[in-house]
Amino acid sequence: MQNNTNPMFNNNKFKLGIFSINCSGGLAMTTVKESWLNSWENNLKIAQLADKAGLEFILPVARWLGYEKGSSFHANVLEPTILASALLALTNNIAIFTTVHTSFHHPVVVAKQLTTIDHIGHGRTGLNVVCGWNTIEYEGLGIKFWQQHEERYRYSREWFDIVKNLWWRKEPFDWNGQFFKLKDVYSFPLPLQKKIPILNAAGSNEGKQFAICNADYLFTSMMDLAHLQKNIKELKEQAKLQNRKTPLGLLTCCYVVCRQTRKEAEEYLHYYSQEKADWQSVDKIINLAFNNTHSFPKEQLHSARNRFSAGFGGYPLVGSPDDISKEIVALYNAGLSGAALSFVNYLDEFPYFRDEVLPRLEKQGLRESYKY
């Protein structure tokens, strides 16, 4: 029997999740000794802490090859689908996403995998669809990387149409498309959820249209509130043209440095992201993103070098609990539905965020009180 138990559809006005715990370093490109160790034990500990704190989701990253030889950043990565299945079995309420590249995984296999882990988690899984941008991985794995952006998204649309049909149809079916020829395919059992939440990051026009037509949440980057508000306005106007049955949610990535005072937070930010930055990885990723992705405004990529060392170009939540709660309120007022959070060391830093920031957000009316 299908249900609606996924917390991504709960009543909290601003959803919160933990991002990239399955990758060495998390999202901070730094050489500090406390940099995130992405062991299974650490992943389980932070997932259970986030679960008990009432956060909505865990979002692991799919990464197959590190960005730069000689750097530990994202060279060590736990595979997200297997990780999600294990975390779903050992948590109670939080949604656990997996991240899947359309070019790396067959849609029939993905449909079955997602259904399986949805049953493991009693209806709490989600899918982050990646249509491709990292040429290092495509070339390394010997997989054709379409230089024509439009063709890549045509492929991904057909890929996802197959996945959705496998989740919805109760009878075997044939598929005769441009990229896939399938005969008598099916995927039983069906998912427990009536609607598995779909995430998709998009920057190009093709990417935005894919997300607007298929995703529950579009994962968008932001350099500042003015850029965010302009982007959200455009996205909502485009979503109206598609006659969506449900509103399009908008998420972004934020790196968090929360301390008792703003001075302490800014000093630590400077320490890990400037004095101890892994500039080799930073420059490699900026150049890769500049050439192959539309998710970040190209005119701002190089000027945002410090933001990449601090948290992969995410939006800064830096300061005291009051500072950070006020900033989150500003993000909500700008039109965001939530944020995926990263920390230099999730286990060391998340408890303070939980104890000090979450109650402030409850008082602001962005989140309901959560007791465990």
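Quick note: structure is the one above.
Remember, it's a predicted structure, so these values are computed and weren't measured experimentally. (Residues numbered from 1 in each chain as written. Predicted model: local features only at pLDDT ≥ 70, side-chain atom pairs only at ≥ 80, totals over all residues. Heavy atoms only, no water.)

Draft legend 1. Geometry of the layout of surface pockets. Its boundaries defined by the atoms lining it, the largest pocket holds a volume of some 830 Å³. Of all the secondary structure elements, the ones that give two or more residues to the lining of the largest pocket are α5 (149-168), α6 (205-214) and α7 (225-241). By residue class, the composition of the lining of the largest pocket is 11 nonpolar, eight polar and 10 charged. (1 Å grid on protein atoms, 1.4 Å probe; cavity = no way out; pocket = protein on both sides within 12 Å on 5 of 7 lines; lining within 4 Å. Points joined across faces, edges and corners; volume = space filled by probe spheres on them. Helix = DSSP H or I, 4+ residues; strand = E, 2+ residues; numbered from the N terminus. Nonpolar A, V, L, I, M, F, W, Y, C, P; charged D, E, K, R; others polar.)

Draft legend 2. Focus on the pairing of strand β4 (residues 125-130). Of all six residues making up β4, six are buried, and the element is well covered by its neighbours. By the alternation rule, side chains of β4 split into T125, L127 and V129 and G126, N128 and V130, which are all buried. Of the strand pairs in this sheet, β4 and strand β7 (residues 198-201) are connected by three bridges, and their pairing is parallel. Looking across to β7, one finds that V129 is bridged to N200. (Buried < 20%, exposed > 50% of the residue type's maximum accessible area, 1.4 Å probe, protein only. Pairing = 2+ DSSP bridges.)

Draft legend 3. Region of interest: the pattern of salt bridges. Considering all chains together, one arrives at 12 salt bridges under this definition. In this structure, E234 engages K230 in a salt bridge whose closest nitrogen and oxygen atoms are separated by 2.8 Å. Of this pair, E234 and K230 both sit in helix α7, separated by four residues, roughly a single helical turn. The exposure class assigned to E234 is partly exposed, which follows from its relative accessible area of 30%. Overlapping salt bridges, with partners in common, bring together R262, E266 and D323 in one network. (Salt bridge = Lys/Arg side-chain N within 4 Å of Asp/Glu carboxyl O.)

Draft legend 4. Spatial organisation of empty space enclosed by the protein. Applying the stated criterion across every chain, the model contains two cavities of 30 Å³ or more. Taken as a whole, the second largest cavity encloses approximately 100 Å³ of empty space. In terms of residue class, the lining of the second largest cavity is made up of six nonpolar, three polar and three charged.

Draft legend 5. View of a nonpolar patch on the surface. A grouping of W64, L65 and L141 is seen on the molecular surface, where their side chains present a nonpolar patch of about 230 Å² in accessible area. By relative accessible area, which is 31% here, L65 ends up partly exposed. (Patch = residues over 30% accessible without salt bridge, like charges linked within 9 Å, V, L, I, M, F, W, Y side chains within 5 Å. Areas by Shrake-Rupley, 256 points an atom, 1.4 Å probe, with all protein chains shown as cover.)

Draft legend 6. View of the environment of S35. Here S35 shows up in the loop between β1 (15-19) and α1 (40-53). Between the C-alpha atoms of S35 and S72, which are 37 residues apart in sequence, the distance is 10 Å. Contacts of S35, omitting those with residues within four sequence positions, involve G25, T30 and V344. (Contact = heavy atoms within 4.5 Å.)

Draft legend 7. Layout of the side chain of N200. With respect to the helices and strands, the residue N200 is situated in strand β7. When its relative accessible area of 1% is taken as the criterion, N200 is described as buried. N200 has contacts with N128, V129, C131, G207, F210, A211, A215, Y217, L218 and F219, leaving out every residue within four places of it along the chain.

Draft legend 8. Looking closely at α1. With 14 residues, α1 should cover 20 Å at 1.5 Å per step; its first-to-last C-alpha distance of 20 Å lies within 8% of that length. Taken together, the buried positions of α1 are occupied by N42, N43, L44, I46, A47, A50, D51 and A53. Against the buried residues of α1 lie β1, β2 (57-59), α2 (80-89) and α13 (346-363). Once α1 ends, the next one or two residues include G54, with phi positive near 90 degrees. (Expected span 1.5 Å × (residues − 1).)

Draft legend 9. Region of interest: the packing of α1 against α2. In the contact formed by α1 and α2, the axes pass within 10 Å of each other and the chain directions differ by 50 degrees. Compared by their axis directions, α1 and α2 come out oblique. Read as a crossing pair, α1 and α2 show a hand that is right-handed. Along the contact surface, α1 presents W40, N43, L44 and A47, while α2 presents L83, A86 and L87. A breakdown of the residues in the contact of α1 with α2 according to their chemical character gives six nonpolar, one polar and no charged. (Axes fitted to C-alpha atoms, helices over the stretch in contact; angles between N-to-C directions. Parallel < 35°, antiparallel > 145°, perpendicular 65-115°, else oblique. Left-handed = near helix turned anticlockwise from the far one by under 90°.)

Draft legend 10. Examining the packing of aromatic side chains more closely. Tallied over the entire structure, the rule returns 17 aromatic pairs. Residues F308 and F312 carry aromatic rings whose centres are separated by 6.1 Å and whose planes lie at 45 degrees to one another, so their mutual orientation is tilted. The class of F308 is buried, set by a relative accessible area of 0%. Residue classification places F312 among the buried positions, given a relative accessible area of 14%. Put simply, the rings of W36, F343, Y346, F350 and F353 pair up and form one aromatic cluster. Sitting over the ring of F173, R169 keeps its end group 4.4 Å from the ring centre. The side chain of R259 reaches across the aromatic face of Y268, ending 4.7 Å from its centre. (Phe/Tyr/Trp six-rings, centres within 6.5 Å; stacked < 30°, edge-to-face > 60°. Lys NZ or Arg CZ within 6 Å of the ring centre and 35° of its normal.)

Draft legend 11. Examining the nonpolar core more closely. If you look at the biggest cluster of nonpolar residues, it comprises 75 residues, and the most contacted ones within it are I18 and F353. No other element matches the eight residues that α5 contributes to this core. Sequence-distant contacts of I18, that is, excluding residues within four places in its chain, are made with I46, A50, L55, F57, I58, L59, L341, F343, Y346 and F350. If you look at the next biggest cluster of nonpolar residues, it comprises 22 residues, including M29, V61, L251 and A340. (Core = buried A, V, L, I, M, F, W, Y, C linked by side-chain atoms within 4.5 Å.)

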